[in-house]
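Geometric and topological summary
This is what each chain is made of:
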Amino acid sequence: MRNNVEMGSSGQRQVTFGIDFGTTNSAVAMLQRGCEPQLARFSFRGEDIPAGRSVLYFEQSKATNGQRRVHGYSGPGAIERYLDADEKGRLIQSLKSHLSNRLLSGTEVFGRRHRLEELLARIVGDLRKQAEVQFMQPVRKVTVGRPVRFVGAESEEEDELAVSRLREAFMVAGFEQVEFELEPVAAAFTYEATLNREELILIGDFGGGTSDFSLLRVGPEVRRRGRRPEDLLGSSGVGLAGDTFDARIVRKLVSPALGSNSEARSLNKILPAVPAWIYAHLEHWHYLSFLRTNNVREILKSARIRALEPEKIEALIAVIEGDLGYQLHQAVQKVKFELSQSECAEFTFRDGASGASMVELNIPITRTQFESWIADDLAAIEHSVDALLKSTGVEPREVDRVFLTGGSSFVPAVRRIFSSRFGQDRIRGGNEFTSVAQGLALSAAARDGS
Ligand SMILES: Nc1ncnc2c1ncn2[C@@H]1O[C@H](COP(=O)(O)OP(=O)(O)OP(=O)(O)O)[C@@H](O)[C@H]1O
Ligand SMILES: [Mg+2]
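Source: prediction; values computed, not measured. Throughout this document, residue positions are counted from 1 along each chain, in the order its sequence is written. A letter from A marks each chain and a number from 1 marks each ligand, given out in the order of writing. Two thresholds apply to this predicted model, a pLDDT of at least 70 for residue-level local features and 80 or more for giving and counting side-chain atom pairs, whereas whole-chain, interface and lining totals are computed over all residues. Only hydrogens and water are set aside when side-chain values are computed; all heavy atoms of the structure are taken into account.

1. Observations concerning the pattern of salt bridges
- Put simply, a salt bridge is a Lys or Arg side-chain nitrogen that is within 4 Å of an Asp or Glu carboxyl oxygen. Scanning the model with the defined rule gives 35 salt bridges in all.
- E321 is the salt-bridge partner of R297, the closest N and O atoms lying 2.8 Å from each other. You can see R297 sitting in helix α9 (residues 294–306) and its partner E321 sitting in helix α10 (residues 310–321), a full 24 residues away along the chain.
- The class for R297 is partly exposed, based on a relative accessible area of 34%.
- Through salt bridges that share partners, R115, E117, R165 and E168 make up one connected network. Numbering of helices and strands starts at the N terminus; helices are DSSP runs of H or I of at least 4 residues and strands are runs of E of at least 2. The buried label goes to any residue with under 20% of its type's maximum accessible area, the exposed label to any with over 50%, and the partly exposed label to all in between, with areas taken from a 1.4 Å probe on protein chains only.

2. Looking at the site of ligand 1
- Surrounding ligand 1, one finds 24 residues, the nearest of these being T23, T24, N25, Q333 and S340.
- A distance of 2.6 Å separates an oxygen atom of ligand 1 from a polar backbone atom of T24.
- For the purposes of these results, a polar contact is taken to be a pair of N or O atoms within 3.5 Å, where, inside protein, one atom must be able to donate a hydrogen and its partner to accept one; residues adjacent in sequence count only when each atom of the pair is a side-chain atom. At a separation of 2.9 Å, an oxygen atom of ligand 1 approaches a polar backbone atom of T210.
- Protein coverage of the free-state accessible area of ligand 1, which is 660 Å², stands at 93%.
- Among the secondary structure elements, those contributing two or more residues to the shell around ligand 1 are α7 (242–257) and α11 (325–341).
- Broken down by element, the residue count for the shell around ligand 1 peaks at 4 residues, all from α11.
- Here the shell around ligand 1 is built from residues that sort into 5 nonpolar, 14 polar and 5 charged. Being near a molecule or strand, for a residue, means having at least one of its heavy atoms within 4 Å of it. Surface accessibility follows the Shrake-Rupley procedure with a 1.4 Å probe radius. Residue values consider only the protein chains on display as shielding. Residues were grouped as follows: Ala, Val, Leu, Ile, Met, Phe, Trp, Tyr, Cys and Pro as nonpolar; Asp, Glu, Lys and Arg as charged; and all remaining residues, including Gly, as polar.

3. Regarding the side chain of E132
- Here E132 lies in helix α3 (residues 116–135).
- On the basis of relative accessibility, which here comes to 17%, the residue E132 falls in the buried class.
- The contact criterion used is simple: two residues touch if any of their non-hydrogen atoms lie within 4.5 Å. Apart from the residues lying within four places of it in its own chain, the contact partners of E132 are Q137, P138, V139 and R140.

4. Details of unusual backbone geometry
- At R45, a position not held by glycine, the phi torsion is positive, near 50°.
- Counting through the fold element by element, R45 comes out in the loop between β4 (42–44) and β5 (47–49).
- Even without glycine at this site, S94 takes up a positive phi of about 55°.
- Tracing the chain through its elements places S94 in the loop between β9 (90–93) and β10 (106–109).
- S94 gets classed as buried once you look at its relative accessible area, which sits at 5%.

5. Examining the packing of aromatic side chains
- Pairing of aromatic rings covers Phe, Tyr and Trp, the last through its six-membered ring, and needs centres within 6.5 Å; plane angles under 30 degrees mean stacked, over 60 mean edge-to-face, and all others mean tilted. Going through the model one piece at a time under the given rule, you end up with 12 aromatic pairs.
- The rings of Y57, Y73, Y82 and Y326 are connected pair by pair, giving a single aromatic cluster.
- For R128, the ring lying beneath its charged end belongs to F175, and the centroid distance is 5.8 Å. Here, over-ring charges are defined by two tests on the NZ atom of lysine or the CZ atom of arginine: distance to the ring centre within 6 Å, and angle to the ring normal within 35 degrees.

6. A few points about the sheet that holds strand β15 (residues 211–218)
- At least two bridges found by DSSP between two strands are what make those strands a pair. The sheet built from 5 strands is open, its strands ordered β16-β15-β14-β21-β22 with mixed pairing. In this open sheet, the two strands that pair with only one neighbour each are β16 (232–238) and β22 (427–429). Across the sheet, the axes of successive neighbouring strands diverge by a mean angle of 20°, strand direction being ignored.
- Looking at chain direction, strand β14 (residues 199–206) and β15 are connected through 8 bridges and run antiparallel. Simply put, an axis is a line fit to the C-alpha atoms, just over the touching stretch for a helix, and the angle between two N-to-C directions goes from 0 to 180 degrees.

7. Points about the sheet that holds strand β8 (residues 68–74)
- The 3 strands lie next to each other as β8-β7-β9, forming an open sheet whose pairing is antiparallel. What marks the edges here is a single partner per strand, and that holds for β8 and β9. Each adjacent strand pair in this sheet contributes to an overall mean axis angle of 20°, direction not counted.
- In this structure, strand β7 (residues 55–62) lies alongside β9, joined through 4 bridges in antiparallel fashion. Bridging from a neighbouring strand, Y57 pairs with L91 of β9.

8. A look at helix α4 (residues 156–172)
- Compared with an ideal rise of 1.5 Å per residue, which puts 17 residues at 24 Å, α4 spans 24 Å between its outermost C-alpha atoms and is within 8% of the ideal.
- Along α4, the residues that are buried comprise D159, L161, A162, V163, R165, L166, A169 and F170.
- The first or second residue beyond α4 is G174, which carries a positive phi of 95°. Helix span, as expected, comes to 1.5 Å for every residue beyond the first.

9. Brief notes about the nonpolar core
- Remark: nonpolar core denotes a set of buried residues (Ala, Val, Leu, Ile, Met, Phe, Trp, Tyr, Cys) joined through side-chain atoms within 4.5 Å. The biggest cluster of nonpolar side chains holds 64 residues, and the ones touching the most others in it are L202, F347 and F418.
- Of all the elements, α10 adds the most residues to this core, at 7 residues.
- Setting aside residues no more than four positions away along its own chain, F347 makes contact with L253, V254, L328, A331, V332, V335, L361, N362, I363 and I365.

10. Describing the environment of G34
- Secondary-structure assignment places G34 in the loop between β2 (25–32) and β3 (38–39).
- Take G34: its relative accessible area is 82%, and that puts it in the exposed class.

11. A look at the side chain of S100
- For S100, the location among the structural elements is in the loop between β9 and β10.
- A distance of 3.4 Å separates a polar side-chain atom of S100 from the backbone nitrogen of A153.
- The contacts of S100, once residues within four sequence positions are left out, are F150, V151, G152, A153, E158, L161, A162 and R165.

12. Observations regarding the environment of S340
- Here S340 is to be found in helix α11.
- Residue S340 is classed as buried on the basis of its relative accessible area of 19%.
- Residues S340 and L316, 24 residues apart in the sequence, show an inter-C-alpha distance of 28 Å.
- Not counting residues within four places of it along the chain, the set of residues in contact with S340 comprises R367, F410, V411 and P412.
- At 3.5 Å, the side chain of S340 and the backbone oxygen of F410 are in polar contact.

Here it is as C-alpha cells:
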C-alpha cells in the first residue's frame, strides 16, 4: 500500500512528512505534492490544536487479582489524564533536553527501568499512529528537526550522541527512514513559501529548550535552480530558551515566597531554613515529585518549627505534599505569557485541594524585573547571534529579513535583540508552534527533488 501512496510513476515520493519533536510541543506535517503542508491535529480539553505537549504520564492501577498495572500516556492525553487523576502518577517532560547527557541513560517508573530512547519512542510512536489515522496513510519515512546544538551538549560527540539517540527512538517507534534537518532551516522553508523574491534571511527559532539561528538564501529562484550547500551561510545555537526563563521566575519569585531566602534559628546561629537543593528541584517542576520522601518531610518539619517565617515553609510543604509542580509551572508560564503582552502582571497561584493547607500566592511582577532575571540568558542569545554574523562575515545591513518563530519568540526582550540590530521593519514572525514541522515536510520534498 505504501508504494502506491508514496511513489509516483517517476519514482518520486508524492507525500513527505515532517515531525518537530520539540522540548515542549510536538507537531506533525504532511506535504502532498502541489499542496500546502497540512498539520495533524490534537485534541486537548475539547480544543483542537496543531501542536501537542511532548510529555509522558505513567499511572498505576490495581487489577482484580491485586496486582498493580502501569499505564502510560503521551501528548495532550497525558496531561488530561494527569489532571483528572485523584492519585497522581508520574509526569515526564522536556526529555529532549536530556538527550546529550551521557550520564542519564533512563529513569525508573513504578519500579521498572526505562531507557531514554524507549520513553522518547513512546511519544513519537504515538505521534506516528495519530498522524497515520488522520492522514489515512502510513508514516514511515520522516524528516525530523534537530536543534543546532542540543541542550547541555558541550562537544560534537555529545551532540552526535543526542542525534543517534533520537534516531534510535524513531526506529524503535516504527519509523523506517529518518532524516534530520536543522530546526531553523526548516522554519526557513516555511517562511520561503511566502516569498516572491530572493532574500538573505536570518531565522531565529526560540523554543522551550534551545534558541537556534540560521543565515540563508531563500526564494523562488533558489527553489527553481535547486538548492546548493552554500545557500546556507551558517547556523548557531544555544541550549537555553523558555524552560530557562521559567526556572528564573521560579528562582527569583516563587522560591522566595516558599522560603528560599528565609532563615531559621539553630542554637545561637541564624541559618537558611531549608537547604538550597530543595528549591533547585522546584525549578524543574517535574522533579518535584522526587521531593515526596521521608527525608525531605523530616527536613521540612524541623525547618517549619525553627523558621522565622514558618508560613512560607508551610506553603512549601503544601506544594510538595500536594504534588503541585504542574500547577505551579502553569502559573509561572501564565505570568510569563502575560509579560509578553503587558508591562506588569501578577503571579497568582492558589490551591486548597492538597489537604495539607491552602497555598495562595499573589505577587506582582514587572516586565523590567523579569528581564533583569533573564539578563544573562539574553546575553548568551545575543552572543550566539553575533557569533553567527561574525563567522559568516555578514553585516546586519546585508540581511533582508529576520524571521522569528517558536513560542519564546513572543518574549519582547528576545525580539529586541533583533530590532536593535536589524530595525523593526525587517522583522517578521508567525506560525510560532508549527513553522518547523511544516518546514520539515517542505525540506523532505526539496531533498527528494519534488
Ligand atoms: N506568549 C508567550 N510568551 C512567552 N513565552 C511563550 C509564549 N508562548 C509560549 N511560550 C514559551 O515557548 C516555549 C515553547 O515553544 P515551542 O513550542 O516553540 O518550543 P519547542 O519547539 O517545544 O522547543 P525546542 O524547539 O526548544 O525543542 C515554552 O517555553 C513556552 O513557555
Ligand atoms: Mg522548536
